[in-house]
Amino acid sequence: MANHDLILGQSHNLRLSQNQQLILGHDHNLAVSQNHDLELGQAHEHHLGMGHDHELDLGHHNDHELGLEQSQDDEGEVGHGYGHENSLGMDRKPEQGGHELVLTSQNHELDLSENNELVVSENHELDDNLELTVVQEQEMGLESVQDLTIEQSQLMVYSPVIQARSLSIAPNFELAVGQEFPDVFSCRRALRDTAIALHFEMQTIKSDKTRFTAKCASEGCPWRIHAAKLPGVPTFTIRTIHESHICGGISHLGHQQASVQWVANSVEQRLKENPNYRPKEILEEIHRVHGITLSYKQAWRGKERIMAAMRGSFEEGYRLLPQYCDQVKRTNPGSIASVYGNLADNCFQRLFISFQASIYGFLNACRPLLGLDRTFLKSKYLGTLFLATGFDGDGALFPLAFGVVDEENDENWMWFLSELHNLLEINTENMPRLTILSDRQKGIVDGVEANFPTAFHGFCMRHLSESFRKEFNDTMLFNLLWEAAHALTVIEFEAKILEIEEISQDAAYWIRRIPPRLWATAYFEGTRFGHLTANIIESLNTWILEASGLPIIQMVECIRRQLMTWFNERRETSMQWTSILVPSAERRVAEALERARTYQVLRANEAEFEVISHEGTNIVDIRNRCCLCRGWQLYGLPCAHAVAALLSCRQNVHRFTESCFTVATYRKTYSQTIHPIPDKTLWTELSDGDPSSNTNLEVVINPPKSLRPPGRPRKKRVRAEDRGRVKRVVHCSRCNQTGHFRTTCAAPI
């Protein structure tokens, strides 16, 4: 026989013929059982051993047959199945068709090789779990040469069958009369998915609680479908389907059925796994998977719809604020959390939160230094986030309190600073004399004077330098301004101002209009420990921007989680330190020790020293912890001159540093814990058992009246060094006008 088919017929024989069809039973099981013969055609018999004609059967035959259940070899041993060695050797290939049946001598497995060979290969065991494996990216389908069809027969290996695997068929989006759906929404969803998958658009003719009728949107195409509700149950079933498509499908890139809800359903799982999945990535995935090109707005709205379902709506966030504040105080005793609404309409106005762990750490271990800053929110109802931040012994930001207001104005700054004053007053017997850094706008200046009259209120140099750069776009002047700010002595400061005056008298006049006691280190009366900037928002820029676009409770929770993580990480890190001072202080002291070795020290009395160096002579008083260079008193750590004096009288340098720089104090900073807050679904249940909860008042906070303007919100903060930079003026080479390019020129010539 010239043709080689692999056929499983009703006689349960497996024969090799021409067009290589593999025919399986309806139940898709592939197995081998007893008394099923594996035979070769009449004209092509494979020879065993000496070249005689032999038939390969799966039963009990003569000595020249291979019995797969029980066979006796030349030595009289009984072989069971494929597991025995040397039961069959077959080393001749058929000369026609390019298909060979090869059975090797040991550890045989039945295989289909790449060139359609039926192979029993070596080094593989055929165990009890016989599987039909489909290699990925190989589809089962009908082709011209090789067909995979189903008949009522099975290929069995053992009797009885130990395990059978079913071949799963991927959904083909075919619709049939009688097909049922749980409800009308499932029916419409299935039809929509089918239209998208098969690349045709569908037009709804009728859709109500009992009927759904649609047709192909292409003019003249006869495709039409009608589904109806079954009586007494919400189930919908397809009643009629007319004709097939003759329109050839859609030719444009979009799709009518690719709605925002469809986009949301398509990316729901991905967004649950990665909430930072961007709209651009959504567009790329939909185009890759479905071949549909959508607008950025559709992808953005689809993501927003899923995120709203996951995190709650913006309106719900404001409504739940009173309950959230109760949960903050319940889970973190000693914390302050209060929300205020407008008395007229209960619209949101202000929120103030400070965790007990932050209050304790600031009052007991941080420097008496606070930075004030704010950032504008990008959420649906806008608003402004106020931040009051301290600094720990290692120089890292230590947020003390934050507030959210409907808008930034003098009144809200006065309220925020009043809340900050009350916080400190009720948690300490002696109000610390603070040093406060800000941009010194009118609302903050008035608020500090009213609530902290003894505080040293200076300019944050980041804000001051931004204004200077905006006025004078000169890098050299900008650098000289910073050098003047860092100058430790009045002489050094005045020298830098003279250098600025030589370059630009206007710049020098601009600087002299601002009192140096508000910004210059040489004149500043407070103790900034080297911090010339609050730099809060710039430092938190990596995650605060993501939080600023969330609903208000989600945003506050994002801040709380970040603080909770910081407290834990810094607490654990400090437990590994073995030094007396925190790492940054240890480095400064080590540098001072290195420089002090070359200094000459003369002692005047038990406390006063004269230190001579190549820079000049400085007087050090170790009793009052001061040096003529002012480095010791300004930074809180002994300068090189002080270190030289301390070494000369055999004093321990570490004993003459501020306590906030010690590891013991640093550990106290983060000794308290910011506790998690349970999910909002549990708030009512948890508050019912808490007599201190005031959720029974049922205070309702409505969203503020301010709404985000249309358009895509800016996600990237403008860097300080870019603000005030002069923009390049474009010039048209066609009409010689400015403001546009040649390619966009519309002027008549």
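Everything numeric here is computed off the predicted structure, so don't read it as measured data.

Quick notes on the overall build of the protein
Item 1. When its secondary structure is counted, the protein shows 21 helices and 28 strands.
Item 2. A total of 749 residues make up the protein; the buried ones form 43% of that total.
Item 3. Once local pairs closer than 6 in sequence are excluded, the contacts in the protein between residues at least 24 apart make up 59%.

Some words on the nonpolar core
Most often, soluble globular proteins have nonpolar side chains that are buried together.
Item 1. Counting residues in each nonpolar core, the largest one holds 102 residues, and the members touching the most others are Leu420 and Ile622.
Item 2. Top element by residues in this core is helix α16 (residues 552–574). It accounts for 8 residues.
Item 3. In this structure Leu420 touches Phe352, Leu370, Leu372, Ala388, Leu400, Ala401 and Phe452, once residues within four positions along its chain are discounted.
Item 4. Counting residues in hydrophobic clusters, the runner-up holds 24 residues, among them Leu477, Ile497, Trp510 and Leu518.

A short note on the environment of Val601
Item 1. Tracing the chain through its elements places Val601 in strand β25 (residues 600–603).
Item 2. When the C-alpha positions of Val601 and Val620 are compared, they lie 9.9 Å apart, and in sequence the two are 19 residues distant.
Item 3. With residues near it in sequence (within four places) discarded, Val601 still touches Phe609, Glu610, Val611, Ala644, Ala645 and Ser648.

Examining helix α19 (residues 640–648)
Item 1. For α19, the tally of buried residues reaches 7 of 9 residues, placing the bulk of the element in the interior.
Item 2. When we look at burial in α19, the residues that qualify are Ala640, His641, Ala642, Val643, Ala644, Ala645 and Leu646.
Item 3. Those residues of α19 hidden inside the fold are in contact with α17 (583–596), β25, β26 (608–613), β27 (616–621), β28 (626–627) and α18 (631–635).
Item 4. Positioned one or two residues after α19, Arg650 has a phi angle of 60°, which is positive.

Observations regarding the pattern of salt bridges
Item 1. Counted by the stated rule, this structure contains 19 salt bridges.
Item 2. Residue Glu316 pairs with Arg319 through a salt bridge whose shortest N-O separation is 3.7 Å. Of this pair, Glu316 and Arg319 both sit in helix α5 (residues 314–319), 3 residues apart, which is roughly one turn of the helix.
Item 3. Judged by its relative accessible area of 41%, Arg319 is partly exposed.
Item 4. The salt bridge partner of Glu483 is Lys496, with a shortest N-O separation of 2.8 Å. Placement of Glu483 in helix α11 (residues 475–486) and of Lys496 in helix α12 (residues 490–503) is noted, with a sequence separation of 13 residues between them.
Item 5. When its relative accessible area of 36% is taken as the criterion, Glu483 is described as partly exposed.

Section: the sheet that holds strand β19 (residues 348–354)
Item 1. The strand order β18-β19-β22-β21-β20-β23-β24 describes an open sheet built from 7 strands, whose pairing is mixed. The strands lining the two open edges of the sheet, one partner per strand, are β18 (336–341) and β24 (456–459). The average undirected angle you get between the axes of adjacent strands in this sheet is 20°.
Item 2. Here strand β20 (residues 369–376) runs beside strand β23 (residues 435–438); their pairing, made up of 3 bridges, is parallel. Counted as the bridge partner of Gly371 is Leu437 from β23.
Item 3. The strands touched by helix α6 (residues 321–331) within the sheet are β18 and β19, with β18 carrying the most contacts at an inclination of about 165°.
Item 4. Strands in contact with helix α9 (residues 442–451) are β20, β23 and β24; relative to β24, the strand with the most contacts, it is inclined by about 165°.

With respect to the state of the cysteines
Item 1. This model, assessed by the stated rule, comprises 0 disulfides.
Item 2. Take Cys221: it sits in no disulfide, and the sulfur closest to it among the cysteines is that of Cys216, at 3.7 Å.
Item 3. Owing to a relative accessible area of 10%, Cys221 belongs among the buried residues under this scheme.

Considering the packing of aromatic side chains
Between two aromatic rings, the relevant description is the distance of the centres plus the angle of the planes.
Item 1. Per the counting criterion, the structure on display carries 23 aromatic pairs.
Item 2. The interplanar angle of 80° and the centroid separation of 5.0 Å between the aromatic rings of Phe567 and Tyr670 together place this pair among those described as edge-to-face. With Phe567 in helix α16 and Tyr670 in the loop between α20 (663–669) and α21 (683–688), this pair connects stretches of sequence that are 103 residues apart. Here Phe567 matches Tyr670 in class, with each residue buried.

Comments concerning the environment of Thr673
Item 1. Position of Thr673 relative to the elements: it lies in the loop between α20 and α21.
Item 2. Accessibility expressed as a relative area gives 36% for Thr673, which makes it partly exposed.
Item 3. As for Thr673 and Ser358, which are separated by 315 residues in sequence, their C-alpha atoms are 8.9 Å apart.
Item 4. Not counting chain neighbours up to four residues away, the residues in contact with Thr673 comprise Asn332, Ala357 and Arg571.

A few points about the pairing of β20
Item 1. With 6 of 8 residues buried, β20 lies mostly within the body of the structure.
Item 2. Summarising the sheet, β20 and strand β21 (residues 384–391) pair through 6 bridges and their orientation is antiparallel. Bridging across to β21, Leu372 finds its partner in Ala388.

Points about unusual backbone geometry
When glycine is set aside, most residues are seen to have a negative phi, and most peptide bonds are trans.
Item 1. With a phi angle near 60°, Asn346 is a residue other than glycine that sits in the positive phi range.
Item 2. Assignment of secondary structure puts Asn346 in the loop between β18 and β19.
Item 3. The residue Arg440 is not glycine, and still its phi comes out positive at about 55°.
Item 4. The topology assignment puts Arg440 in the loop between β23 and α9.

A few points about the sheet that holds β28
Sheet strands pair via backbone hydrogen bonds, and the direction of the pair is either parallel or antiparallel.
Item 1. The strand order β25-β26-β27-β28 describes an open sheet built from 4 strands, whose pairing is antiparallel. Of all strands in the sheet, those bounded by a partner on one side alone are β25 and β28.
Item 2. In this structure, β26 lies alongside β27, joined through 6 bridges in antiparallel fashion. Residue pairing across strands places Ile612 opposite Thr617, the latter belonging to β27.
Item 3. Along the sheet face, α19 touches β25, β26, β27 and β28 and points at about 120° away from the line of β26.

Some thoughts on the pairing of strand β14 (residues 202–207)
Item 1. Where β14 and strand β15 (residues 211–216) come together, 5 bridges link them in antiparallel fashion. From the neighbouring strand, Lys206 faces β15, where its bridge partner is Thr213.
Item 2. Hairpin connection of β14 to β15: 3 residues between the antiparallel strands.

Overview of the packing of helix α10 (residues 461–471) against α11
Item 1. Where α10 meets α11, the axes come as close as 10 Å, and the angle between the chain directions of the two elements is 150°. With respect to α11, the axis of α10 lies roughly antiparallel. Along this stretch, α10 crosses α11, giving a crossing that reads as right-handed. Taken together, the residues of α11 that come into contact with α10 (itself represented by Met461, Arg462, Ser465, Phe468 and Arg469) are Leu477, Phe478, Leu481, Trp482 and Ala485.
Item 2. Its residues assigned to classes, the contact of α10 with α11 shows 7 nonpolar, 1 polar and 2 charged.

Rules used in this analysis
- Residues numbered from 1 in each chain as written.
- Predicted model: local features only at pLDDT ≥ 70, side-chain atom pairs only at ≥ 80, totals over all residues.
- Heavy atoms only, no water.
- Helix = DSSP H or I, 4+ residues; strand = E, 2+ residues; numbered from the N terminus.
- Buried < 20%, exposed > 50% of the residue type's maximum accessible area, 1.4 Å probe, protein only.
- Contact = heavy atoms within 4.5 Å.
- Core = buried A, V, L, I, M, F, W, Y, C linked by side-chain atoms within 4.5 Å.
- Salt bridge = Lys/Arg side-chain N within 4 Å of Asp/Glu carboxyl O.
- Pairing = 2+ DSSP bridges.
- Axes fitted to C-alpha atoms, helices over the stretch in contact; angles between N-to-C directions.
- Disulfide = S-S within 2.5 Å.
- Phe/Tyr/Trp six-rings, centres within 6.5 Å; stacked < 30°, edge-to-face > 60°.
- Parallel < 35°, antiparallel > 145°, perpendicular 65-115°, else oblique.
- Left-handed = near helix turned anticlockwise from the far one by under 90°.
- Nonpolar A, V, L, I, M, F, W, Y, C, P; charged D, E, K, R; others polar.

Any functional reading would require information that these geometric values do not contain.
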